[in-house]
Amino acid sequence: MPNPIVRLCRLSTVILITALLVQWPMSAAGADERAELEAAFKLASAQYQVALKTLETRGREETAAEVSRLREAFHAVMEHFDANQSALGLDPDYAGTLMQLDVSIVGVLLVIDFGSREAARDALAPIGQSLAELGARAALRERLK
């Protein structure tokens, strides 16, 4: 029968290795979720640029369609955030800020329906800045980990 101290050391080593191996897939999964969120932000930002260009060069219907696509792309951002909120580890007010941005996009759709291109431009402009800031906050959180 082995010495109790040797058995204790072996058991401690097994527990330590197990604990380290359990943590490894979770950190890799967290990186995947952050990469997916970043990709969703890039897609939403690209769609924002399309909506902005359409506002300047096309009519109300085309602009409303592009802003609706922007909202769909932004919903993908929200879905990635909701599905992986704990793995992303972002600050508590991040979810509320995402919701406010979604409401702002709905506001742009309403302004487009009223027919004022200048008012639509004014309503759409801060959305691009908010997308950039939220994406940067998510990316900064990744670099800090």
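Read on for a plain summary of the structure.

## A look at the environment of F74
Right, on to step 1. You can see F74 is positioned in helix α2 (residues 60-83).
Right, on to step 2. F74 gets classed as buried once you look at its relative accessible area, which sits at 0%.
Right, on to step 3. Expressed as a C-alpha distance, the spacing of F74 and L101, which sit 27 residues apart in the sequence, is 8.8 Å.
Right, on to step 4. Setting aside residues no more than four positions away along its own chain, F74 makes contact with A44, L98, L101, D102, I105 and L131.

## Concerning the nonpolar core
Right, on to step 1. With 29 residues, the main nonpolar core has F41, F74, V77, L98, L124, I127 and L131 as its most contacted residues.
Right, on to step 2. Contributions of two or more residues to this core are made by α1 (4-57), α2, α4 (94-114) and α5 (117-144).
Right, on to step 3. Excluding residues within four positions of it along the chain, V77 makes contact with L37, A40, F41, A44 and L98.

## As for a nonpolar patch on the surface
Right, on to step 1. On the surface, V106, L110 and F114 cluster together into a nonpolar patch covering about 320 Å² of accessible area.
Right, on to step 2. Following the sequence through the fold, F114 ends up in helix α4.
Right, on to step 3. For F114, a relative accessible area of 70% translates into the label exposed.

## Things to note about the side chain of T54
Right, on to step 1. When you line up the elements, T54 lands in helix α1.
Right, on to step 2. Judged by relative accessible area, T54 falls into the buried class, the value being 10%.
Right, on to step 3. For T54, the side chain forms a polar contact with the main-chain oxygen of V50, separated by 2.8 Å.
Right, on to step 4. The residues touching T54, leaving out its near neighbours within four places in the chain, are E62, T63 and E66.

## As for α4
Right, on to step 1. The end-to-end C-alpha separation of α4 is 31 Å, in line with the 30 Å expected for 21 residues at 1.5 Å each.
Right, on to step 2. Along α4, the residues classified as buried are Y94, L98, L101, D102, I105, V108, L109, V111 and I112.
Right, on to step 3. One or two positions beyond α4, positive phi appears at G115, with a value near 95°.

Procedures and definitions
- Residues numbered from 1 in each chain as written.
- Predicted model: local features only at pLDDT ≥ 70, side-chain atom pairs only at ≥ 80, totals over all residues.
- Heavy atoms only, no water.
- Helix = DSSP H or I, 4+ residues; strand = E, 2+ residues; numbered from the N terminus.
- Buried < 20%, exposed > 50% of the residue type's maximum accessible area, 1.4 Å probe, protein only.
- Contact = heavy atoms within 4.5 Å.
- Core = buried A, V, L, I, M, F, W, Y, C linked by side-chain atoms within 4.5 Å.
- Patch = residues over 30% accessible without salt bridge, like charges linked within 9 Å, V, L, I, M, F, W, Y side chains within 5 Å.
- Areas by Shrake-Rupley, 256 points an atom, 1.4 Å probe, with all protein chains shown as cover.
- Salt bridge = Lys/Arg side-chain N within 4 Å of Asp/Glu carboxyl O.
- Polar contact = N/O pair within 3.5 Å; in protein donor to acceptor, adjacent residues only side chain to side chain.
- Expected span 1.5 Å × (residues − 1).

No statement about biological role is implied by the geometric values presented.
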